[in-house]
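Residue-level structural notes
Spelled out from the first residue to the last, the chains are:
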Amino acid sequence: MAFYGDLRRAGARWYLWAGYCFFRFDAVARKPLDFGLDWFAGLDTGGANWEVLYRNVDPNALPQRPITAFAALPGVGLRQAYCEWRGSWLHEVGLDGDPSLKAKKREAVLRLLEPALQAAPRSARQ
């Protein structure tokens, strides 16, 4: 597969969410990629690649990861400290939630990441 990521649909068209998308360089290096929006077609960031990349690909052929929403802070409502596990990736959703909880939410996310950060080679943590 030349690309992979979280699929978003807009009517008959689709695109990959800019926050989680990967492209095989040898498959896209010579294509005129455009990671802009296509508001007229209802496509967000990266949707302008519809004509170049996505148009002739069956979106059902792309593997999808499960997305599990959770509140990063115990005893706080989901929308107040919203985060997602996207498969084994952690997405700290920045636009949702209570702004007054931002620092506490970030601390909770760092605690969740701590085991992986400790296991990573020192060069990867810098």
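Preceding this section is the structure that the text describes.
Here the residue numbers are simple positions, counted from 1 along each chain's written sequence. Two thresholds apply to this predicted model, a pLDDT of at least 70 for residue-level local features and 80 or more for giving and counting side-chain atom pairs, whereas whole-chain, interface and lining totals are computed over all residues. Based on all heavy atoms of the structure, the side-chain values leave hydrogens and waters out of the count.

For the rest of this paragraph, the subject is the overall build of the chain. In this text, helices come from DSSP runs of H or I with a minimum length of four residues, and strands from runs of E with a minimum of two, each type numbered from the N-terminal end. A count of helices and strands for the chain gives three helices and five strands. Reading the chain from its N terminus to its C terminus gives the helix and strand order β-β-α-α-β-β-β-α. Compactness check: the chain gives a C-alpha radius of gyration of 17 Å against a globular reference of 14 Å for 126 residues, more than 25% above the reference. Burial statistics for the chain: of 126 residues in total, 28% are counted as buried. Carbon and sulfur atoms make up 56% of the accessible area of the chain, which amounts to about 8400 Å² in all. Across the chain, the centroid of the 17 positively charged side chains sits 4 Å from that of the 13 negatively charged ones. In this treatment the radius of gyration is a C-alpha quantity, and the globule benchmark scales as 2.2 Å times the residue count to the 0.38 power. When accessible area is computed with a 1.4 Å probe and restricted to protein chains, residues below 20% of their type maximum are described as buried, those above 50% as exposed, and intermediate ones as partly exposed. Residue-level accessible areas treat just the shown protein chains as cover; the underlying method is Shrake-Rupley with a 1.4 Å probe. Residues scored as positive are Lys and Arg, those scored as negative are Asp and Glu, and His as well as the terminal groups of each chain are ignored. Positions of charges follow a simple convention, taking NZ of Lys, CZ of Arg, CG of Asp or CD of Glu.

Helix span, expected: 1.5 Å multiplied by one less than the number of residues in the helix. For helix α3 (residues 102–119), with 18 residues, the first-to-last C-alpha span of 26 Å sits near the 26 Å given by 1.5 Å per residue. By the burial criterion, the buried members of α3 are Lys105, Ala108 and Val109. Packing partners of the buried residues in α3 comprise β4 (82–86) and β5 (89–92). Residues are treated as being in contact if the distance between any of their heavy atoms lies within 4.5 Å.

What follows covers the environment of lysine 31. Inspection of the secondary structure assignment puts lysine 31 in the loop between α1 (25–28) and α2 (50–54). Given the relative accessible area of 38%, lysine 31 is considered partly exposed. Separated by 21 residues in the primary sequence, lysine 31 and valine 52 place their C-alpha atoms 6.9 Å from one another. Not counting residues up to four positions away in its chain, the partners in contact with lysine 31 are Val52 and Leu53.

Only the six-membered ring of Trp is used, alongside the rings of Phe and Tyr, when aromatic pairs are assigned; centres must lie within 6.5 Å, and planes under 30 degrees apart are stacked while those over 60 apart are edge-to-face, with the rest tilted. One pass over the full model with this rule turns up 11 aromatic pairs. Centre to centre, the rings of phenylalanine 22 and tryptophan 89 are 5.7 Å apart; their planes meet at 65°, and the pair counts as edge-to-face. Taken together, the residues span a long stretch of sequence, with phenylalanine 22 in strand β2 (residues 13–23) and tryptophan 89 in strand β5 at a distance of 67 residues. Residues phenylalanine 70 and tryptophan 85 carry aromatic rings whose centres are separated by 6.1 Å and whose planes lie at 20° to one another, so their mutual orientation is stacked. Placement of the pair is phenylalanine 70 in strand β3 (residues 67–71) and tryptophan 85 in strand β4, with a sequence separation of 15 residues. Through pairs of rings, three or more aromatic residues link up here, namely Phe3, Trp14, Phe23, Phe35, Trp50 and Tyr54. The ring of tyrosine 20 has arginine 65 lying over it, and the distance from NZ or CZ to the ring centre is 3.4 Å. Geometry around tyrosine 82 places arginine 79 over its ring, the cationic atom sitting 4.3 Å from the centre. Only Lys NZ and Arg CZ are tested; either one counts as a charge over a ring when it is within 6 Å of the ring centre and within 35 degrees of the ring normal.

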